[in-house]
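Each chain, letter by letter, is given below.
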Amino acid sequence: QHKDAYQAILDGVKGGAKEKRLAAQFIPKFFKHFPELADSAINAQLDLCEDEDVSIRRQAIKELPQFATGDNLPRVADILTQLLQSDDSAEFNLVNNALLSIFKMDAKGTLGGLFSQILQGEDIVRERAIKFLSTKLKTLPEEVMTKEVEEFILTESKKVLEDVTGEEFVLFMKILSGLKSLQTVSGRQQLVELVAEQADLEQTFNPADPDCVDRLLQCTRQAVPLFSKNVHSTKFVTYFCEHVLPNLSSLTTPVEGLDIQLEVLKLLAEMSSFCGDMEKLESNLKKLFDKLLEYMPLPPEEAENGENAGNEEPKLQFSYVECLLYSFHQLGRKLPDFLTAKLNAEKLKDFKIRLQYFARGLQVYIRQLRLALQGKTGEALKTEENKIKVVALKITNNINVLIKDLFHIPPSYKSTVTLSWKPVQKADPSQKRASEDTTSSSPPKKASAGPKRDARQIYNPPSGKYSSNLGSFSYEQRGGFRGGRGRGWGGRGNRSRGRIY
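Just so it is clear, the model here is predicted, and its values are computed rather than measured.

Thoughts on the nonpolar core
And then number 1: Within the largest apolar cluster, 151 residues are counted, with the highest numbers of intra-cluster contacts made by Ile27, Leu80, Phe236, Phe328 and Leu339.
And then number 2: Take this core: its biggest share by element is 11 residues, from helix α18 (residues 345-373).
And then number 3: Beyond its immediate sequence surroundings of up to four residues, Leu339 is in contact with Phe289, Phe328, Leu348, Phe351, Leu406, Pro411 and Tyr413.

Topic: the environment of Pro65
And then number 1: Among the secondary structure elements, Pro65 is positioned in the loop between α4 (54-63) and α5 (73-83).
And then number 2: The spatial distance from the C-alpha of Pro65 to the C-alpha of Val76 is 7.3 Å, given a sequence separation of 11 residues.
And then number 3: Leave out the neighbours within four places in its chain, and Pro65 touches Ala98, Ser101, Ile102 and Met105.

Points about the environment of Glu122
And then number 1: Examined against the element boundaries, Glu122 turns out to sit in the loop between α7 (107-120) and α8 (123-136).
And then number 2: As for Glu122 and Gln85, which are separated by 37 residues in sequence, their C-alpha atoms are 9.3 Å apart.

Let's talk about the packing of helix α6 (residues 89-105) against α7
And then number 1: Between α6 and α7, the shortest axis-to-axis distance is 6 Å and the interhelical angle comes to 135°. The orientation of α6 with respect to α7, classified from their angle, is oblique. Two secondary-structure elements touch here, α6 through Leu99, Ile102, Phe103 and Met105 and α7 through Ala107, Thr110, Leu111 and Leu114.
And then number 2: Among the residues making up the contact of α6 with α7, the classes are represented as 7 nonpolar, 1 polar and no charged.

Structural notes on the packing of aromatic side chains
And then number 1: In total, this model carries 13 aromatic pairs according to the counting rule given.
And then number 2: Ring centres of Phe318 and Tyr365 lie 5.1 Å apart, and the angle between their planes is 90°; on these two criteria the pair is classed as edge-to-face. Taken as a pair, Phe318 in helix α16 (residues 318-332) and Tyr365 in helix α18 lie far apart in primary sequence, 47 residues in all. For the pair shown, Phe318 and Tyr365 are each scored as buried.
And then number 3: Each residue in the set Phe289, Phe328, Phe338 and Phe351 is aromatic and connected to the rest through ring pairs, giving one cluster.

As for the packing of α6 against α8
And then number 1: Between α6 and α8, the shortest axis-to-axis distance is 12 Å and the interhelical angle comes to 60°. Taken together, the axes of α6 and α8 lie oblique to each other. Here α6 runs over α8; the crossing is right-handed. Between α6, through Phe92, Asn96, Leu99, Leu100 and Phe103, and α8, the contact on the second element is made entirely by Arg128, Phe132 and Lys136.
And then number 2: Looking at the contact of α6 with α8 residue by residue, the classes come out as 5 nonpolar, 1 polar and 2 charged.

Brief notes about helix α13 (residues 234-244)
And then number 1: Among the 11 residues in α13, 8 count as buried, and that is most of the element.
And then number 2: Taken together, the buried positions of α13 are Thr234, Phe236, Val237, Thr238, Tyr239, Phe240, Cys241 and Val244.
And then number 3: Those residues of α13 hidden inside the fold are in contact with α11 (185-199), α12 (210-223), α14 (260-272), α15 (281-294) and α16.

Focus on the confidence of the model for the protein
And then number 1: Per-residue pLDDT for the protein has a mean of 83; in total, 82% of the residues score no lower than 70.
And then number 2: Contacts from residues 490-501, a stretch scored under 50 in pLDDT, to residues over four places away or in other chains number 35 contacts.

So, helix α9 (residues 147-160)
And then number 1: Across its 14 residues, α9 extends 20 Å between first and last C-alpha, which sits within 8% of the 20 Å expected from 1.5 Å per residue.
And then number 2: Against the buried residues of α9 lie α7, α8, α10 (166-177) and α11.

Some remarks on the pattern of salt bridges
Oppositely charged side chains can form a pair if their charged atoms are brought close together.
And then number 1: If you walk through the whole model with that rule in mind, you get 20 salt bridges.
And then number 2: For Asp290, the salt bridge goes to Lys286, with nearest N and O atoms at 3.0 Å. Here Asp290 pairs with Lys286, and both are found in helix α15, just 4 residues apart, close to one helical turn.
And then number 3: Given the relative accessible area of 29%, Asp290 is considered partly exposed.
And then number 4: With relative accessibility at 32%, the residue Lys286 sits in the partly exposed group.

What counts, and at which threshold
Residues numbered from 1 in each chain as written. Predicted model: local features only at pLDDT ≥ 70, side-chain atom pairs only at ≥ 80, totals over all residues. Heavy atoms only, no water. Core = buried A, V, L, I, M, F, W, Y, C linked by side-chain atoms within 4.5 Å. Buried < 20%, exposed > 50% of the residue type's maximum accessible area, 1.4 Å probe, protein only. Helix = DSSP H or I, 4+ residues; strand = E, 2+ residues; numbered from the N terminus. Contact = heavy atoms within 4.5 Å. Axes fitted to C-alpha atoms, helices over the stretch in contact; angles between N-to-C directions. Parallel < 35°, antiparallel > 145°, perpendicular 65-115°, else oblique. Nonpolar A, V, L, I, M, F, W, Y, C, P; charged D, E, K, R; others polar. Phe/Tyr/Trp six-rings, centres within 6.5 Å; stacked < 30°, edge-to-face > 60°. Left-handed = near helix turned anticlockwise from the far one by under 90°. pLDDT = per-residue confidence, 0-100. Expected span 1.5 Å × (residues − 1). Salt bridge = Lys/Arg side-chain N within 4 Å of Asp/Glu carboxyl O.

Here is the structure:
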């Protein structure tokens, strides 16, 4: 009946600024009354969303959700996703709000539009759509984020994960680990399998390729918080023992200033507490043991007159030894007769001499550190120097406890320590899930002498090698894929093949 009048409004988009402003308001207002003109109406509104006049663009974007009815919704979501590339902050916020409002009408339809652009859109659109999902999904109420919607997100994310950069991978793990349906043991297991696939644990490990090393580290960092008594780290621990430890000294990294060897050893230590039954346990324990020996020096030979025969005192690398000793102690529990039955007497004797020598050096440091920290509280402990000493005390105490265990006859694997860079968890029943996933498999040991603070730094004492990287890594770390797109994992070369949504 009023079709001609509505057509005249649609033609207003070709007019001057006043006509366009009116069109931006009236096209959506009467849209539902003219289904036969739906395509023309959406296209006309799109023209206004791309107008040179920013106020017309904003008005047109603000009204877009009114077109999101029935079959039109995925298309509107697709359009809004493309509009995320706007550099005008007010416009960008309008697009975000419009997307959120249509999310509440039909979450799956909206996600269809977003994922369609992530899989096939321009790089800037892809990047912003992923960011939108990683920041906004967690703000949506449960009635929007149903089990069916979460399953759709997982299915579509798997398609995207076939070809991602390292940074995108970290964001997708953040999105997926925030989904309620993946908080269960089987959900976590699914996520670990996704990470293992991304890490490509079947491939040959190339220590000389910084991208290969970096990919493994990025993936392992994503997996570590998912491991627990029920979700095992066996696959990763096996890969580290078989492929990474033997190549430890030749590892390369694109991240400047990162002590890559220490980083690997810390990850191995964190995973070792959640390792399940391992196929080649004895041979992997042997690899771990051999690597530990490299950092446990023999005492320097003494000349006949009792003086040091010109040899320098060996350097004790406490940070490395804490990680290796802890990993050996964790896996050793699974084969408690390794030191007595699997090593010959000569090797065991050699190991005991090394342990004894290391323990002597350790006692000297522990005394020095306790003396230096004696009576210091509050502000005094916050200085950089004292923070490092507090962490050093944690490291040396941990090694001390583990060495004492191995000196037992037969060696014992009963003591529990909290790794020096991990915060000591207080038992809180309401936090059972969190503590199960983030601490070692046993309760933390009683606080040792010297104040405990959450100063999560790495330390190698003065005679040892200082670690150049004093900060412990964060699971959100994005380093390593610097340069991001188009590198290493990152080329996303397949996308031009035009995967169809």
